[in-house]
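Here's the letter readout for the chains.
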Amino acid sequence: MKKREMKVTPWEVSGEIDYEKLIKEFGVSKIDDKILDRIKRHTKDLHFMLRRKVFFAHRDLNWILDEYEKGKKFFLYTGCGPSGPIHLGHLGTWMFTKWLQDKFGVELWFQFTDDEKFLFKDKSYEEIQKWTYENMLDVIALGFDSKKTHFLIDTKHISLLYPTAIKIAKKINFSTVKAAFGFGNDRNIGEIFFTSIQAAPAVIPSVLKGRNIPCLIPLAIDQDPHFRVARDVYPKLGFYKPAIIHSMFLPPLTGVSGKMSSSEANIAIITTDSPKEVEQKIKKYAFSGGKDNTEEHRKKGGNPEVDVSFQYLRMLFEPDDAKLKKIEQDYRSGKMLTSELKEYLIKKINAFLSEHQKKREKAKKQINEFIYKEK
């Protein structure tokens, strides 16, 4: 069977994802054991997403650790494009970001790119605002510190973002944007400008404080091109280049290529799904690495590398390395069946979502604590 060609842009991820190839194509560096040891010196333990190389690549991570060790605190910046419900694939980056906030005691600037989704999606401005509100609830429910977390909503905070965005935009020519994103002449002019808006929050705290503050951006690697375009501009404007730490994609339920998408809510697990919906989706759609029948599986075992249920445990829902190793061994040997692996995952997801949905409800009263108030 012919492999589907890989495509990775901020708006489309498809085909067989080759992370080694992405590292070379994007010009990022692999996270090695030396960097992990440096992080561990400050955090005392490593997040399982680092141990398992779910966060696998970076830009300037050594530099930001150098600055931190000199006593210069960095801030975190990540975000969300609100165009639909939040699914499990969104959560990994934000859960890891929360861990970084807790371990380093730093501020987080969280951007909701409602303008981007209006420009790039066939959705009304009003619908995008509805999703912005809904998505904020999910972010708050993950437990970020409201005293150190600032939500920026692009259309709401444009007076803060725009002076910096136009300075960035003036230094980026159209041919660079076309080459980076594969844009043709049919794109609307808002799409061409958008990168400068996404690049702005990486320096907004520096603008507000009147001094350079290092920035670390946790993101899925499909968002890297925005910063690849903008990174050379920051020093020209007198700012530090932001450091970036890149994660892999949580695969869609149907297989290990591409990434989970909220536009396929019927086959993606979203944060408002009921226990029954989670069970039905996992049982019906989760791609199996098991054999065709029980007898053959018991004899030959399964392949956890391609099994979506195992990958969800490895990347998101089983932080205990010893438990994960036992599941892997049992599945490979045939001792654990695909149906048993799916049942284990269903329990894990539903336990998480049960708590998340309660916190999500409480978040409705907390939104104003998180939205940045301009002085």
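In the block above lies the structure referred to throughout.
Residues numbered from 1 in each chain as written. Predicted model: local features only at pLDDT ≥ 70, side-chain atom pairs only at ≥ 80, totals over all residues. Heavy atoms only, no water.

Draft legend 1. View of the sheet that holds strand 4 (residues 55-59). Taking strand neighbours across the sheet as the criterion, the seven strands line up as 3-4-9-8-5-6-7 in an open arrangement whose pairing is mixed. The open sheet has two free edges, formed respectively by strand 3 (29-30) and strand 7 (149-153), since each of these has just one partner strand. Note that strand 4 and strand 9 (residues 243-247) share four bridges and pair antiparallel. Bridging from a neighbouring strand, R59 pairs with I244 of strand 9. (Pairing = 2+ DSSP bridges. Helix = DSSP H or I, 4+ residues; strand = E, 2+ residues; numbered from the N terminus.)

Draft legend 2. Highlighting helix 4 (residues 61-69). Among the residues of helix 4, L61, I64, L65 and E67 are the ones counted as buried. Seen from one end, helix 4 has its buried residues packed into an arc of 160°, which puts them on one side. Along its buried surface, helix 4 packs onto helix 2 (33-43), strand 4, strand 8 (215-220) and strand 9. Following helix 4 by one or two positions, G71 has its phi on the positive side, about 95°. (Buried < 20%, exposed > 50% of the residue type's maximum accessible area, 1.4 Å probe, protein only. Arc of directions from axis to C-beta. Contact = heavy atoms within 4.5 Å.)

Draft legend 3. The pairing of strand 9, seen in detail. In terms of burial, strand 9 is largely enclosed, as five of its five residues are buried. Here strand 9 shows two buried faces, one formed by A243, I245 and S247 and the other by I244 and H246. Strand direction decides the pairing type here: strand 8 and strand 9, joined by five bridges, are parallel. Within strand 9, the position partnered with I217 by the bridge is I244.

Draft legend 4. Here's a closer look at the packing of helix 5 (residues 88-104) against helix 16 (residues 308-317). Running from amino to carboxyl end, helix 5 crosses helix 16 at an angle of 30°, the nearest separation of the two axes being 10 Å. Compared by their axis directions, helix 5 and helix 16 come out roughly parallel. Side by side, helix 5 and helix 16 meet where L88, G92 and M95 of the first sit next to Y312, L316 and F317 of the second. Of the residues belonging to the contact of helix 5 with helix 16, the class tally is five nonpolar, one polar and no charged. (Axes fitted to C-alpha atoms, helices over the stretch in contact; angles between N-to-C directions. Parallel < 35°, antiparallel > 145°, perpendicular 65-115°, else oblique. Nonpolar A, V, L, I, M, F, W, Y, C, P; charged D, E, K, R; others polar.)

Draft legend 5. Seen up close, a nonpolar patch on the surface. Taken together, the side chains of I158, Y162 and I166 make up a nonpolar region of the molecular surface, amounting to roughly 250 Å² of accessible area. Mapping I158 onto the fold places it in helix 8 (residues 158-170). With relative accessibility at 33%, the residue I158 sits in the partly exposed group. (Patch = residues over 30% accessible without salt bridge, like charges linked within 9 Å, V, L, I, M, F, W, Y side chains within 5 Å. Areas by Shrake-Rupley, 256 points an atom, 1.4 Å probe, with all protein chains shown as cover. Salt bridge = Lys/Arg side-chain N within 4 Å of Asp/Glu carboxyl O.)

Draft legend 6. Structural context of the environment of K236. You can see K236 is positioned in helix 13 (residues 233-236). K236 sits 65 residues away from K171 along the chain, and the two C-alpha atoms are 8.5 Å apart.

Draft legend 7. Structural view of the packing of helix 8 against helix 10 (residues 189-199). Their axes nearest at 8 Å, the elements helix 8 and helix 10 cross at an angle of 115°. The handedness of the crossing between helix 8 and helix 10 comes out as right-handed. Seen from helix 8, the contacting residues are I158, Y162, A165, I166, I168 and A169; seen from helix 10, they are F193, S196, I197 and A199. The residue inventory of the contact of helix 8 with helix 10, partitioned by class, reads nine nonpolar, one polar and no charged. (Left-handed = near helix turned anticlockwise from the far one by under 90°.)

Draft legend 8. Broad picture of helix 17 (residues 321-333). The terminal C-alpha atoms of helix 17, which comprises 13 residues, lie 18 Å apart, in line with the 18 Å expected from a rise of 1.5 Å per residue. The set of residues buried in helix 17 consists of L324, I327, D330 and Y331. Taken end-on, helix 17 shows its buried residues confined to a sector of 130°, consistent with a single buried face. Exposed side of helix 17, more than 90 degrees from the buried face: A322 and K325 are the residues found there. Close packing links the buried residues of helix 17 with helix 15 (294-300), helix 16 and helix 18 (338-363). At the N-terminal boundary of helix 17, the capping side chain belongs to D320, with an oxygen 2.9 Å from the backbone nitrogen of A322. Taken from the residues just after helix 17, G334 is the one with a positive phi, measuring 95°. (Expected span 1.5 Å × (residues − 1). Polar contact = N/O pair within 3.5 Å; in protein donor to acceptor, adjacent residues only side chain to side chain.)

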